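Listed below are the residues making up each chain.
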Protein chains: 2
Amino acid sequence: MPRQKSPKNGRVGSSARMRDVAKRAGVSAMTVSRALKEPSKVSPEMLERVLNAVKEIGYLPNHLASSLSSNRSTTIGLIVPSIDNSIYTQTVKGLSDVIKRSGFQLMIAESGYDTNEEEELITAFLTHRVSGLVLHSTEHTPQAIQKIKKAEVPVVENGNIPAQPLDMVVSYSNHDAAYAMTMHLGRLGYKNIAFASLHSTHNDRSRDRLAGYHHALRDLGLEPNPKLIVETSRGLAAGAEAVTRVVHSVPEVDALFCAGDVLAVGALFECQRRGWSVPDRIAIASFDDVDLLRHVSPTVTTLRLPRYDIGERSGQMLLSRIIDGAEHLRGSVVDVKFEVIQRESA
Amino acid sequence: MPRQKSPKNGRVGSSARMRDVAKRAGVSAMTVSRALKEPSKVSPEMLERVLNAVKEIGYLPNHLASSLSSNRSTTIGLIVPSIDNSIYTQTVKGLSDVIKRSGFQLMIAESGYDTNEEEELITAFLTHRVSGLVLHSTEHTPQAIQKIKKAEVPVVENGNIPAQPLDMVVSYSNHDAAYAMTMHLGRLGYKNIAFASLHSTHNDRSRDRLAGYHHALRDLGLEPNPKLIVETSRGLAAGAEAVTRVVHSVPEVDALFCAGDVLAVGALFECQRRGWSVPDRIAIASFDDVDLLRHVSPTVTTLRLPRYDIGERSGQMLLSRIIDGAEHLRGSVVDVKFEVIQRESA
DNA sequence: GACAATATTGTTACCGGTATCAAAATCCAC
DNA sequence: GTGGATTTTGATACCGGTAACAATATTGTC
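Residues numbered from 1 in each chain as written. Chains lettered and ligands numbered in written order. Predicted model: local features only at pLDDT ≥ 70, side-chain atom pairs only at ≥ 80, totals over all residues. Heavy atoms only, no water.

## Here we look at the protein's contact with DNA strand D
Cut-off, in case you're wondering: By convention in this text, a residue qualifies as near a molecule or strand provided that one of its non-hydrogen atoms is within 4 Å of it. N or O atoms closer than or at 3.5 Å make up a polar contact, with two conditions inside protein: a donor-capable atom paired with an acceptor-capable one, and, for residues adjacent in sequence, both atoms drawn from side chains.
Within the structure, DNA strand D sits among 28 residues, and A:Ser33, A:Lys37, A:Ser69, B:Thr31 and B:Met46 are positioned closest to it. Expressed as a percentage, the sugar and phosphate content of the atoms of DNA strand D within 4 Å of the protein is 64%. One nitrogen or oxygen atom from the main chain of A:Asn62 is found 3.5 Å from a phosphate oxygen belonging to DNA strand D. A distance of 2.9 Å is found between a phosphate oxygen of DNA strand D and a side-chain nitrogen or oxygen belonging to A:Arg72.

Below, the structure is given as structure tokens:
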């Protein structure tokens, strides 16, 4: 009779093991495992005995052991540039809502718009054996790319449509969106359209937006003017500053396209302080449809980007790959729709 | 000579194991483990050989195996009522910044202000063997409490100062904060102070805020008037609605304390639409110092709650318990400071 | 009622690390 | 140079599950 295998005396009262449940139910550990994971493979009476024992003992399965043994985990890693930026939180929520339904857990980390930081986080996630990754970025270090390829983990990139996707992509095109809004302003008759962007993020998203702006100017037959391009930082104050600077260098400016964050609101407040009529003195357009833009006066013309949907779609595709092994999704690029929302400010 | 123990043919190219590194470096697996975890316990030349082998093979340690074997994990679970509410994201960032430095990972989930949902998430986190929990809530189901106690996991509660803490607490007092702001309004001479709160969250936080408001009225010698209390939903529109409703039922109202979310901004916009002067016709005060409140005109009087600090402090205390076994922290309650920020709106 | 097919349960080895203790190497003082 | 203390390395069992296969029970068919 093999006595207690583990002579460990310090077993914490906390964690009952599967074999404890098994003993209590008078079955083997394997039957317990099956009862919990594939109830259909177990006879009804066994199932009941096991479930009772689980409840009596207060057994909590150990996901670490389970994942290690079965070589599959139920965690998904998400890396966003910034955790406290409302732009990303909607996407996070979309993703969270989807994967929660499948019993997956989300590991979230923040890269601070830094690809080296991102690489470290990817490494950390891989050591935790996440079964999928969502990267709200389309720029990565070569090492990061290599590690991901080697780990053979499905990945979704968000935030832009990259020229060379890592794997799957769900995003709008920053180029196309900026192009659409600039064209919209041009068709409304504005001739001196300024462009404000965030200098803190010299990434492909900013560059593509700027390219879209230039592309639209060309198609509109307008002369690009470097003085109409303002780089600024984040926040309401920065939006105000953008107005000040562009008006100072180009007094005849008649429209300002704020391509990021809440810049447009800051710009609008600055115009109100100056007593300027928007859009008569200067039109204002924004990039993201934050709630606020509908409630200020005048209401602000902007782009509607389906940020929640992007998270949701990303989650669905990732889970299809992980759970159903949907290999046909490998490398697919979903270019989601956006639309220009015309309001009072332009 | 024991040949390859595992006859498994389908080893994915992805994951080299510690023993692969060991073989390459010509040492035992145990030496590799020590070289990576406790380099001081290994001779310099061994260390170098191991690190080279790690690099050559591209070895990524397996945290699942490590945690299982050592019976300690490096993940921390965080449950917030809502992922996309900016109020919580600052706390999340504070926590994230701290634990990232220690190499811990954050698992984040959203309870939707529902204690049953919270219980499920707590269970899920415990199956993942998180080494600590942060709950942005102070109300829990009895089962949730029981599971946490049984698992013997350190916990930090945020969001309020509960009468009966689960373990550690880092928060401001909702009662005291609402009391302070109401007293402030009273001392400024306002007599008919209305109170707007969120009906969607019938939790202890809302109740304590209301209690603080009543307490202050009593101390100010003001008669409480049920008609001055408005319950509303979230968002800017709700703030506007609060103004409309309270003015309709109590025309002589001279101050509105918006105890949540961005209600105050919505209320302010509504006043602007009506052409009312703030604070002459009606004063407005808010509960949280969101950036916006400093940029609208008039600027809005509010409370400054150290939300980032709360996350930071929570992380520090949790890590002390986990890493240093700082048992003296068990049950400690940190009542963080807040302050009234007087601006133009009151 | 006999036998093959199927469903149910159990046994054993292993997932990839680490705790523990034993063995070997190195150090130090006298 | 010797013996004991200390440091460095290794062998082995085990963490708590599951895959794979074996053993047993049940079912269906003619």
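Let us keep going from here.
## Regarding the pairing of strand β5 (residues 168-171) of chain B
All names here are of chain B. For clarity, the threshold we go by: Relative accessible area decides the class of each residue, using a 1.4 Å probe on protein chains only: under 20% of the type maximum gives buried, over 50% gives exposed, and in between gives partly exposed. Strands here mean DSSP runs of E at least two residues long; helices mean DSSP runs of H or I at least four residues long; both are numbered from the N terminus. A pair of strands counts as paired when DSSP detects no fewer than two bridges linking them.
Burial along β5 is two-sided: Met168 and Val170 facing one way and Val169 and Ser171 facing the other are all buried. Of the pairings in the sheet, the one linking strand β4 (residues 155-157) to β5 comprises two bridges and is parallel in character. Bridge assignment links Val156 to a residue of β5, and that residue is Met168. As judged from the three bridges shared by β5 and strand β11 (residues 333-335), these two strands associate in the parallel manner. Across the sheet, residue Val170 finds its bridge partner in β11, namely Val334.

## A word on the domain arrangement of chain A
It is common to report an interface's size as the accessible area lost on association of the parts. Stated precisely, the cut-off is as follows: Domain start and stop positions are those given by an automatic or database domain assignment.
Parsing chain A into structural domains produces domain 1 (18-61), domain 2 (71-165 + 311-326) and domain 3 (174-304). If you average the C-alpha positions of domain 1 of chain A and of domain 2 of chain A, the two centres end up 35 Å apart.

## Some words on the relation of the copies chain B and chain A
The pair of chain copies shares a relation made of a rotation about an axis and a shift along it. The condition is simple: To superpose the copies, least squares is applied to the C-alpha atoms of every residue with a pLDDT of at least 70 in both. Any two residues whose heavy atoms approach within 4.5 Å are treated as being in contact.
In screw terms, the move from chain B to chain A is a rotation of 180° and a rise of 0.0 Å along the axis, fitting with an RMSD of 0.0 Å. Such a combination of rotation and displacement between the chain copies is what one expects of a two-fold axis. When each C-alpha of chain B is compared by its distance to the rotation axis, B:Met107 comes out closest, at 2.2 Å. Of the residues that chain B buries at the interface, 100% are likewise interface residues in chain A, meaning the two copies contact each other through the same surface.

## Considerations on the protein's contact with DNA strand C
Applicable threshold: Charged residues are taken to be Asp, Glu, Lys and Arg, nonpolar residues to be Ala, Val, Leu, Ile, Met, Phe, Trp, Tyr, Cys and Pro, and polar residues to be all remaining types, Gly included.
Around DNA strand C there are 28 residues in total, and A:Thr31, A:Met46, B:Ser33, B:Lys37 and B:Ser69 lie nearest to it. Backbone sugar and phosphate groups make up 63% of those atoms of DNA strand C lying within 4 Å of the protein. A distance of 2.6 Å is found between a phosphate oxygen of DNA strand C and a side-chain nitrogen or oxygen belonging to A:Thr31. Note that a base oxygen of DNA strand C is positioned 3.5 Å from one of the backbone N or O atoms of A:Ser69. Those elements that place two or more of their residues in the surface near DNA strand C are α2 (29-37) and α4 (63-70) of chain A together with α1 (18-25), α2 (29-37) and α4 (63-70) of chain B. In terms of residues, the surface near DNA strand C owes the most to one element, α4(B), which gives five residues. Looking at the surface near DNA strand C residue by residue, the classes come out as 10 nonpolar, 11 polar and seven charged.

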